[in-house]
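Breakdown of the fold
Single-letter residue listing:
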Amino acid sequence: MNQNVNVLAVITTADIADLVDKRFALAIAEHPDAAHSEVHAALAARHQQILRAQANDIDPTAVIHPAASIADHGVKIGPRVWIGANVNIAAGVKIDGDCVLHPGVSLGVPGFNTGIIAGRQRIIPQVGGVRLKPFVELLSNVCVARALFGGDTLIGEEVVADNLVYIAHDVQIGNRVQICALVNILGRTIVGDAAYLGPSCVIKNGLQIGRGAKISIGAVVTQDVQENAVVSGNFAIPHERFLHHLKSIR
């Protein structure tokens, strides 16, 4: 941690506080994880106050089904966007022009991050948002979580996602990516342009999926995938190795 240039402050216990580099802001707590959750929750509440002061900006050419649910503040919807029945859009969501959201899509839901707040296990509130770039199309019941600490969970231009896809907090998806049904993309994953994510695949948090990569049906991806690579299996390996292994056991 002392070598990480992205760290500015540390919450830790008294017994190892002397090991922390002097350049950091330092807080000492008996239970650092719980203290961090409490601080984060307080900052999230303050962020919500700021967000509530931001009026919605909805282009008059957007077509919104009367059964859609849109927060009354902090939402931006661009021209020619089409929003179906029972779509849910939370504050902090930005939708660029010409996007299509089919019935049941949820944007800006809380991500699954837990912490101890007021002595109880809780979902940690997120303070970021979600952004859809132009010409994104999401089929029914796609769910996109907002970013955890700030910024946006991002879906690039011309991304298409099939039914029942989950995109977790802080995921960054490039342009023209195809995401098949029941895909699970876990937090902070980066997906390069023109990648293909096959049906029911799961991508572990924090990975990088290279441009043009192809993830086969049902794959469980636990390592970075190189540009234009094809991976298969649980745990996923290069597709040719996967086929060779299948032949060897038949």
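Our subject is the structure listed above.
The numbers attached to residues start from 1 for each chain and follow its sequence in the written order. Per-residue local features of the predicted model are confined to residues with pLDDT of at least 70, and side-chain atom pairs are confined, for both listing and counting, to 80 or more; whole-chain, interface and lining totals are unaffected and use all residues. Just so you know, side-chain values use all the structure's heavy atoms and leave hydrogens and water out.

1. A look at the nonpolar core
Basically, it comes down to this: The nonpolar core is taken to be a set of buried Ala, Val, Leu, Ile, Met, Phe, Trp, Tyr and Cys residues, with the residues joined through side-chain atoms within 4.5 Å. Three labels apply to residues, based on accessible area from a 1.4 Å probe with only protein chains included: buried if under 20% of the type maximum, exposed if over 50%, partly exposed otherwise in between. Helical segments are the DSSP runs of H or I of at least four residues, strand segments are the runs of E of at least two, and each set is numbered from the N terminus. Should any heavy atoms of two residues lie within 4.5 Å, those residues are counted as being in contact.
Membership of the largest hydrophobic core comes to 48 residues, with the highest contact counts inside it found for Ile-95, Leu-101, Leu-132, Ile-173, Ile-179 and Val-221. Those elements that place two or more of their residues in this core are strand 9 (93-95) and strand 14 (129-132). Leaving out residues up to four positions away in the same chain, Ile-179 has contacts with Val-159, Val-160, Ala-161, Asp-162, Val-165, Ile-167, Ile-173, Ile-185 and Leu-197.

2. Description of the layout of surface pockets
The following threshold applies: Here the term cavity refers to a set of points on a 1 Å grid, laid over the protein atoms alone, in which a 1.4 Å probe fits but cannot get out; the term pocket refers to an open set having protein on both sides within 12 Å along at least five of seven lines, with lining residues being those that place an atom within 4 Å of a point. Grid points are joined across faces, edges and corners, and a volume is the space filled by probe spheres set on the points. Think of it as three bins: nonpolar holds Ala, Val, Leu, Ile, Met, Phe, Trp, Tyr, Cys and Pro, charged holds Asp, Glu, Lys and Arg, and polar takes everything else, Gly as well.
There is about 200 Å³ of room inside the largest pocket. What lines the largest pocket is simply Ile-11, His-36, Val-39, His-40, Leu-43, Arg-46, His-47, Ile-50, Val-127 and Phe-149. A total of 7 residues in the lining of the largest pocket trace back to one element, the largest contributor, which is helix 1 (residues 32-52). Of the residues that constitute the lining of the largest pocket, the class distribution is 6 nonpolar, 3 polar and 1 charged. Considered as a void within the structure, the second largest pocket measures approximately 170 Å³ in volume. A per-class count over the lining of the second largest pocket returns 8 nonpolar, 3 polar and 1 charged.

3. Considerations on unusual backbone geometry
Glycine aside, negative phi is the norm for most residues, and most peptide bonds take the trans geometry. Positive phi, close to 60 degrees, is recorded for Glu-158, a residue that is not glycine. Assignment of secondary structure puts Glu-158 in the loop between strand 17 (152-155) and strand 18 (160-161). One non-glycine residue, Asp-170, lies in positive phi territory at about 70 degrees. As for its position among the elements, Asp-170 is in the loop between strand 19 (166-167) and strand 20 (172-173).

4. Some thoughts on the sheet that holds strand 15 (residues 137-138)
Selection criterion: A pair of strands is treated as paired once DSSP finds two or more bridges between them.
As summarised here, the arrangement of the 10 strands in space is 4-7-10-15-18-21-24-27-29-30, forming an open sheet in which the pairing is mixed. Looking at strand neighbours, the two that pair on one side only are strand 4 (63-64) and strand 30 (237-238), the edges of this open sheet. Strand direction decides the pairing type here: strand 29 (residues 230-232) and strand 30, joined by 2 bridges, are antiparallel. Across the sheet, Ser-232 pairs through a bridge with Ile-237, a residue of strand 30.

5. Observations concerning the sheet that holds strand 28 (residues 220-221)
Reading across from one edge, 5-8-11-16-19-22-25-28 is the order of the 8 strands in this open sheet, with parallel pairing throughout. This sheet does not close on itself; its edge strands, each paired only once, are strand 5 (69-70) and strand 28. Examined bridge by bridge, strand 11 (residues 106-109) and strand 16 (residues 143-145) share 3 bridges and lie parallel to one another. Across the sheet, the residue bridging to Ser-106 is Cys-143, located in strand 16.

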